[in-house]
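Examining the three-dimensional arrangement
Here is what each chain is made of, one letter per residue.
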Amino acid sequence: MSSLSGRGTLLSQAIFHSLAGISMEPFAGLDYYRLDELYSDEERLIRETVRTFVDAEVLPIIEAHHRQGTFPLHLIPRLGELGLLGANLRGYGCAGVSEVAYGLIMQELERGDSGLRSFASVQGALAMYPIYAFGTEAQQKDWLPRLARGEKVGCFGLTEPDHGSDPAGMVTKAVRRGDGYVLNGSKLWITNGTIADVAVVWARTEEGIRGFLVEKGTPGFSAREIHGKFSLRASITSELIFQDCRIPSASLLPGSEQGLRAALMCLDQARYGIAWGAVGAAAACYDAALKYAKARVQFDRPIAGFQLVQQKLVRMLTEITKAQLLCHRLGQLKEAGQARHTQISLAKMNNVENAREIARLAREILGAAGIVDEYPVIRHMLNLETLYTYEGTHEIHTLILGRDITGLSAFA
Ligand code: TGC
Ligand code: FAD
């Protein structure tokens, strides 16, 4: 059994603060195969803490943010206080929880909203992780504690207007000039871009693709928010623009000399969180559909009594349970440092595809009520369209796996 002291200290302290201050709303959870027995006491406690936080502080406000197309900024320091940002990293004020606990955090945040999990994913896996894995000690000491506390926000710029699935073709350039670099180019679809204090930016140099830290306010660096989204509305998505943007040599992440591979290693961290997060979104849809089906009466009986409705509910339960099992085993492998990136691809691909289908089935069960935001289903259904595309589209993960098992690349 893991201890609540030691590496879990920050999160554990936050747990007790949190439980003392907020009322509990019941969410029965979904554990058909008794996975709870496989989690440690610490992992269950962390899961319950995040579940309670989401019930009390996220669910009451999230529909309004979704309608308005805004991110609940006031939750950022709260996520930091609870130890949920970069929670699987060690030191620098990070909670240092197990990979399974980290996954459970992502699952519960996404039960609230994919935008909230995206915020935590980008902050932890795509901003903090590259600094942690590829940065200098000075960069780590400077940024990680503040990012962990939610005092500062980070973003990750890999995708470009003309290079999404194929980041190796990126055209953003960092050219050596004097004691630094000059950046030119743009990045598109960047989560947290306009609110980020620091952007991890991937650019082509004479030595290959490298990662740089670009601070907000650097002359030549600007960001604009993308509006008109019908998915992930409670999340900020932006374009980053670099026009003769001068950055010092100290901005380079020296460990990123592995080139694109370094960027892809960051994606592995985020894809792992998405695999778990998709389970949370699916569970929220299943929960809503089951409750609705038991309460809604047609032809003088609850619609849950109809075979076709039961078939949908059973399909949802089955796919969620399979996804949970996949996540748990992947978490064990990751904890042991043995998770292959192709295994992470399989979990992201499978769990998102099934969550997307589960959300559609839930929407069907709710009938007309399924298209209004009085219920969370339509919001999750729309959000899952983004999950299907970002962090490697469903098709790209299919081809990653196809290449792995055949030895033949369908990309080239
Ligand atoms: P390829 O030749 O396959 O790989 C280059 C080198 O990298 C190694 N590698 C990986 N290493 C670690 N993790 C991975 N996932 C890796 N995939 C590949 C590979 O072994 C090789 O190493 P080496 O030592 O031999 O050089 O490169 P490729 O150019 O053929 O590309 C392959 C492909 C298409 C799979 C890759 O480009 C890809 O994954 N594309 C999808 C792009 C993507 O996922 N973008 C996501 C942007 S960030 C985002 O969406 C954030 S969402 C925010 C949120 O969560 O809210
Ligand atoms: P494209 O690559 O143009 O693909 C279009 C279609 O073609 C897809 O169906 C794709 O699967 C298919 N396709 C492409 N190549 C092949 C092939 N070889 N074989 C078969 N089919 C193929 N990026 C970041 O860097 N940082 C972020 O923080 C970030 N946040 C995001 C937030 C949101 C809300 C969204 C929607 C995206 C975000 N992204 C981010 C970008 C995301 O990673 C890209 O959208 C994704 O990688 C796909 O790129 P694309 O949209 O350009 O699609």
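Every chain is numbered independently, its residues counted from 1 as its sequence is written. By the order in which they are written, chains take letters starting at A while ligands take numbers starting at 1. The predicted origin of the model limits local features to residues at a pLDDT of at least 70 and limits the giving and counting of side-chain atom pairs to 80 or more, whereas totals for whole chains, interfaces and linings rest on all residues. To obtain the side-chain values, all non-hydrogen atoms of the structure were included, while hydrogens and water were left out.

1. Things to note about the overall build of the protein
Looking only at helices and strands, the protein features 11 helices and 11 strands. Computation of the radius of gyration draws on C-alpha atoms, with the globule rule given as 2.2 Å multiplied by the number of residues to the power 0.38. In summary, the protein has a C-alpha radius of gyration of 21 Å against a globular reference of 22 Å for 412 residues, a match within 12%. For the C-alpha atoms alone, the extent of the protein along its principal axes is close to 80 × 45 × 45 Å. Throughout, exposure labels follow a simple rule: accessible area from a 1.4 Å probe, protein chains only, divided by the maximum for the residue type, with under 20% read as buried, over 50% as exposed, and the rest as partly exposed. Residue burial in the protein is summarised as follows: out of 412 residues, 57% are buried. For accessible areas, the Shrake-Rupley method is used with a probe of radius 1.4 Å. Any residue's cover is judged against the shown protein chains and nothing else. Total accessible area on the protein stands at roughly 17400 Å², and carbon and sulfur atoms take up 54% of it. We treat Lys and Arg as the positive residues and Asp and Glu as the negative residues; His and chain ends play no part in the count. Here the site of a charge means atom NZ of a Lys, CZ of an Arg, CG of an Asp or CD of a Glu. A distance of 2 Å separates the average location of the 43 positive side-chain charges in the protein from that of its 45 negative side-chain charges. In this description a helix means any DSSP run of H or I spanning at least four residues, a strand means any run of E spanning at least two, and both kinds are numbered starting from the N terminus.

2. Considerations on the site of ligand 1
Around ligand 1 sit 26 residues in total, of which Ser118, Asp268, Arg271, Gly392 and Arg403 are the nearest. At 3.0 Å from a nitrogen atom of ligand 1 is found a main-chain nitrogen or oxygen belonging to Ser165. Two N or O atoms count as a polar contact when they lie within 3.5 Å, although within protein this holds only if one can serve as hydrogen donor and the other as acceptor, and sequence-adjacent residues are included solely when both atoms are side-chain atoms. Asp268 is positioned such that a nitrogen or oxygen atom in its side chain is 2.6 Å from a nitrogen atom of ligand 1. Considered on its own, ligand 1 offers 1100 Å² of accessible surface; in the complex 75% of this is hidden by protein. For the shell around ligand 1, the secondary structure elements donating two or more residues are helix H5 (114-134), helix H7 (260-295) and helix H11 (394-406). Looking at the shell around ligand 1, the element that brings in the most residues is H7, giving 7 residues. Looking at the shell around ligand 1 residue by residue, the classes come out as 12 nonpolar, 8 polar and 6 charged. A cutoff of 4 Å decides nearness: a residue is near a molecule or strand if any of its heavy atoms lies inside that distance of it. Note on residue classes: Ala, Val, Leu, Ile, Met, Phe, Trp, Tyr, Cys and Pro are nonpolar, Asp, Glu, Lys and Arg are charged, and everything else, Gly too, is polar.

3. Concerning helix H8 (residues 307-335)
A helix is expected to span 1.5 Å multiplied by its residue count minus one. For H8, built from 29 residues, the straight-helix expectation of 42 Å at 1.5 Å per residue is met to within 8% by its first-to-last C-alpha distance of 42 Å. Gly337 occupies a position one or two residues after H8 and carries a positive phi of about 70 degrees.

4. What about the side chain of Thr393?
Examined against the element boundaries, Thr393 turns out to sit in the loop between helix H10 (377-389) and H11. Ignoring any residue separated from it by four or fewer positions in sequence, one finds Thr393 in contact with Ser165 and Tyr388. Should any heavy atoms of two residues lie within 4.5 Å, those residues are considered in contact.

5. Comments concerning the domain arrangement of the protein
Residue ranges assigned to the domains are those given by an automatic or database domain assignment. Under the domain assignment, the protein is made up of domain 1 (13-149), domain 2 (154-258) and domain 3 (261-406). Centre-to-centre separation of domain 1 and domain 2, based on C-alpha positions: 25 Å. Taken together, the contact pairs 27 residues of domain 1 with 24 residues of domain 2. Buried area: the sum, over both parts, of the accessible surface (1.4 Å probe) that disappears when the two are put together. Between domain 1 and domain 2, roughly 2000 Å² of surface is buried when both sides are summed, and carbon and sulfur atoms account for 69% of that area. For salt bridges, the criterion is a side-chain nitrogen of Lys or Arg within 4 Å of an Asp or Glu carboxyl oxygen. For the pair domain 1 and domain 2, the interface holds 0 salt bridges. Here domain 1 and domain 2 share 6 residue pairs in polar contact (both at pLDDT 80 or more) between them. Elements represented by at least two residues in the side of domain 1 that touches domain 2 include exactly helix H2 (41-68), H5 and helix H6 (137-149). A total of 11 residues in the side of domain 1 that touches domain 2 trace back to one element, the largest contributor, which is H5.

6. A closer look at the pairing of strand E6 (residues 198-205)
Walk down a regular strand and you will see the side chains alternate between the two sheet faces. Across the 8 residues that make up E6, a large majority, 7, are buried. Pairing between strands is defined by DSSP: at least two bridges between the two strands are required. Two strands pair when backbone bridges link them, and strand E3 (residues 154-157) and E6 are joined in this way by 4 bridges, in the parallel orientation. Each bridged residue has a counterpart across the sheet, and for Gly157 the counterpart in E6 is Val201. Note that E6 and strand E7 (residues 208-215) share 8 bridges and pair antiparallel. Bridging from a neighbouring strand, Val198 pairs with Glu215 of E7.

7. Let's talk about unusual backbone geometry
For Tyr92, which is not a glycine, the phi torsion comes out positive at approximately 55 degrees. Turning to its location among the elements, Tyr92 is positioned in the loop between strand E1 (90-91) and strand E2 (94-95). Take Tyr92: its relative accessible area is 29%, and that puts it in the partly exposed class. For Trp189, which is not glycine, the phi dihedral falls at a positive 65 degrees. Its place among the elements puts Trp189 in strand E5 (residues 180-191). The exposed category is assigned to Trp189, whose relative accessible area is 51%.

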